[in-house]
Amino acid sequence: MADGVVGRDKCGEQRLVSLPLSRIRVIMKSSPEVSSINQEALVLTAKATELFVQYLATYSYRHGNGKEKKALTYNDLSNTAEESETFQFLAGT
Amino acid sequence: MASSSGNDDDLTIPRAAINKMIKETLPNVRVANDARELVVNCCTEFIHLISSEANEICNKSEKKTISPEHVIQALESLGFGSYISEVKEVLQECKTVALKRRKANSRLENLGIPEEELLRQQQELFAKARQQQAELAQQEWLQMQQAAQQAQLAAASASASNQAGSSQDEEDDDDI
């Protein structure tokens, strides 16, 4: 199955998301309890993940110490995981 | 932070895709390698989080397949409600594209000719056109050759008649 970037005729997702849908599907199904996933639901998950990355990066940068130096560090990210309620699920990563 | 163990957790979004997203989100910002690696792993965690929640919602709804609605509800309940409007936009685009495609297919079907057959016909037409062009080119080339030969002959006989002046009379007799 082609990556999302060069995806073909499934929702025309080559325009919509830049993450590879096939990989996301595999990650989702690596949880044994997860049943089958509708194709559109997959696209939505990909989009949400994209937003997540953008949000995580932006949030960590803004609240982090590296802002003056225009740098994003590991610590910026881990601080976000600990302090932000939304991102707390990352605390074990 | 502890690293995840187990083979399934080695499965991550490709690093290049993450790098690209980070670059687009924070242009001109230096991002350390270990930070990038962390983002990659966070992605995987996020996907697991969403899919588990969506799966639970799906089970409660007594449906067998996780649907876009389940994903949206999962985002809401996990505190990612701010993503929902953009995610819904993508869903809308999805449906629009799918609808266009269905319409296009049914139009084709109404012609009574399935797509593969149309493709085959197209290939045939192309092959025919190519052949015609090739034949045309060959004809032209032959004509050029003939013309060149005639020109050569004409030039040869012209120089021959110049050289053999004494046989001119005989040749004149042949001329009509």
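None of the values given here were measured: they were computed from a predicted structure.

Asks: Mind showing me how you'd approach the overall build of chain B here?
Replies: The helix and strand tally for chain B stands at six helices and two strands. In sequence order, the secondary structure elements of chain B are arranged as α-β-α-β-α-α-α-α. Within chain B, the fraction of its 176 residues that count as buried is 24%. Of the roughly 12,400 Å² that chain B leaves accessible, carbon and sulfur atoms contribute 50%.

Asks: What should I look at first to understand the packing of helix H1 (residues 15-25) of chain B against helix H2 (residues 33-60) of chain B in this one?
Replies: Residues and elements named next belong to chain B. Interhelical geometry of H1 versus H2 gives an angle of 110 degrees and a closest axis separation of 10 Å. As far as their axial angle goes, H2 and H1 are roughly perpendicular. Judged by residue contacts, Arg15, Ile18, Asn19 and Ile22 of H1 engage Asn33, Arg36, Glu37, Val39, Val40 and Cys43 from H2. Grouping the constituent residues of the contact of H1 with H2 by class yields five nonpolar, two polar and three charged.

Asks: Explanation requested: the environment of threonine 86 of chain A in the structure shown.
Replies: Relative to the helices and strands, threonine 86 of chain A resides in the segment after helix H4 (74-83). Exposure remark for threonine 86 of chain A: the relative accessible area of 27% places this residue in the partly exposed category. Sequence-distant contacts of threonine 86 of chain A, defined by excluding residues within four places in its chain, comprise Gly79 and Phe80 of chain B.

Asks: Looking at this structure, I do not really get the pattern of salt bridges. What am I missing?
Replies: Residue and element names in this part refer to chain B. Applying the stated rule across the entire model yields six salt bridges over all chains. Glutamate 117 is the salt-bridge partner of arginine 120, the closest N and O atoms lying 2.9 Å from each other. Placement of both arginine 120 and glutamate 117 in helix H5 (residues 115-163) is noted, with a separation of three residues, approximately one turn of the helix. Several salt bridges share partner residues, and in doing so they unite Glu117, Arg120 and Glu124 into one network.

Asks: Which parts of the structure should I look at to understand the interface of chain A and chain B?
Replies: Accessible area lost on assembly of the parts is the figure often given for the size of an interface. Contact residues are listed per partner, giving 55 residues for chain A and 55 residues for chain B. Regarding the contact of chain A and chain B, the summed buried area is about 5,100 Å², with carbon and sulfur atoms giving 73% of it. If you look at where chain A meets chain B, you find one salt bridge. The closest approach of N and O atoms between lysine 95 of chain B and glutamate 40 of chain A, which form a salt bridge, is 3.4 Å. Elements with a contribution of two residues or more to the side of chain A that touches chain B: helix H1 (13-16), helix H2 (21-29), strand E1 (36-37), helix H3 (39-63), strand E2 (71-72) and H4 of chain A.

Asks: Would you explain the confidence of the model for chain B in this entry?
Replies: Predicted coordinates in areas of low pLDDT are best not read in detail. Residues and elements named next belong to chain B. Confidence along chain B averages 85 in pLDDT terms, with 88% of residues attaining 70 or more. Within chain B, the element-level pLDDT minimum falls on helix H6 (residues 168-174), averaging 51, and the maximum on helix H3 (residues 68-77), averaging 96. Confidence drops under a pLDDT of 50 for residues 2-6, and excluding neighbours within four residues, the segment shows three contacts in the predicted structure. With a pTM of 0.67, the predicted complex shows an ipTM of 0.83.

Asks: Honestly, helix H4 (residues 84-110) of chain B in this entry has me stumped. Any pointers?
Replies: For an α-helix, the turn length of 3.6 residues means that residues three or four places apart are oriented alike. Residue and element names in this part refer to chain B. With 27 residues, H4 extends 38 Å between its outermost C-alpha atoms, agreeing within 8% with the 39 Å of an ideal straight helix rising 1.5 Å per residue. Burial in H4 covers these residues: Ile84, Val87, Val90, Leu91, Cys94, Val97 and Ala98. Looking one or two residues past H4, glycine 112 carries a phi angle of roughly 85 degrees, positive in sign.

Asks: I'm lost on the packing of aromatic side chains in this one. Help?
Replies: For any pair of aromatic rings, the description consists of the separation of the ring centres together with the inter-plane angle of the planes. All names here are of chain A. In this structure the tally under the stated criterion is 13 aromatic pairs over all chains. Between phenylalanine 52 and phenylalanine 87, the aromatic rings sit 5.7 Å apart at their centres with planes inclined by 55 degrees, giving tilted as the arrangement. Highlighted residues: phenylalanine 52 in helix H3 and phenylalanine 87 in the segment after H4, separated in sequence by 35 residues. Residue phenylalanine 52 shares its accessibility class with phenylalanine 87, and that shared class is buried.

Asks: Quick question: what am I supposed to make of the nonpolar core here?
Replies: A general feature of soluble globular proteins is that nonpolar side chains tend to end up buried together. Ranked by internal contacts, the top residues of the largest apolar core, which has 57 residues, are Phe52 of chain A together with Ile13, Ile18, Leu75 and Tyr83 of chain B. Secondary-structure elements contributing two or more residues to this core are H2, H3 and H4 of chain A together with H1, H2, H3 and H4 of chain B. Dropping the residues within four chain positions of it, leucine 75 of chain B is found in contact with Ala48 of chain A together with Phe46, Ile50, Phe80, Gly81, Tyr83, Ile84 and Val87 of chain B.

Asks: Looking at this structure, how should I read the packing of H2 of chain A against H2 of chain B?
Replies: A pair of packed helices can be characterised by two numbers: the angle between their axes and the separation between those axes. Where H2 of chain A contacts H2 of chain B, the two axes come as close as 9 Å, and the packing angle between them is 65 degrees. Crossing geometry of H2 of chain A relative to H2 of chain B is assigned as right-handed. Contacts between H2 of chain A and H2 of chain B involve Ile24, Ile27 and Met28 of chain A from the first element and Thr44, Ile47, His48 and Ser51 of chain B from the second. Looking at the contact of H2 of chain A with H2 of chain B residue by residue, the class counts come to four nonpolar, three polar and no charged.

Here is what the cut-offs are and how they apply
Residues numbered from 1 in each chain as written. Chains lettered and ligands numbered in written order. Predicted model: local features only at pLDDT ≥ 70, side-chain atom pairs only at ≥ 80, totals over all residues. Heavy atoms only, no water. Helix = DSSP H or I, 4+ residues; strand = E, 2+ residues; numbered from the N terminus. Buried < 20%, exposed > 50% of the residue type's maximum accessible area, 1.4 Å probe, protein only. Areas by Shrake-Rupley, 256 points an atom, 1.4 Å probe, with all protein chains shown as cover. Axes fitted to C-alpha atoms, helices over the stretch in contact; angles between N-to-C directions. Parallel < 35°, antiparallel > 145°, perpendicular 65-115°, else oblique. Contact = heavy atoms within 4.5 Å. Nonpolar A, V, L, I, M, F, W, Y, C, P; charged D, E, K, R; others polar. Salt bridge = Lys/Arg side-chain N within 4 Å of Asp/Glu carboxyl O. Buried area = accessible area lost by both parts, 1.4 Å probe. pLDDT = per-residue confidence, 0-100. Expected span 1.5 Å × (residues − 1). Phe/Tyr/Trp six-rings, centres within 6.5 Å; stacked < 30°, edge-to-face > 60°. Core = buried A, V, L, I, M, F, W, Y, C linked by side-chain atoms within 4.5 Å. Left-handed = near helix turned anticlockwise from the far one by under 90°.

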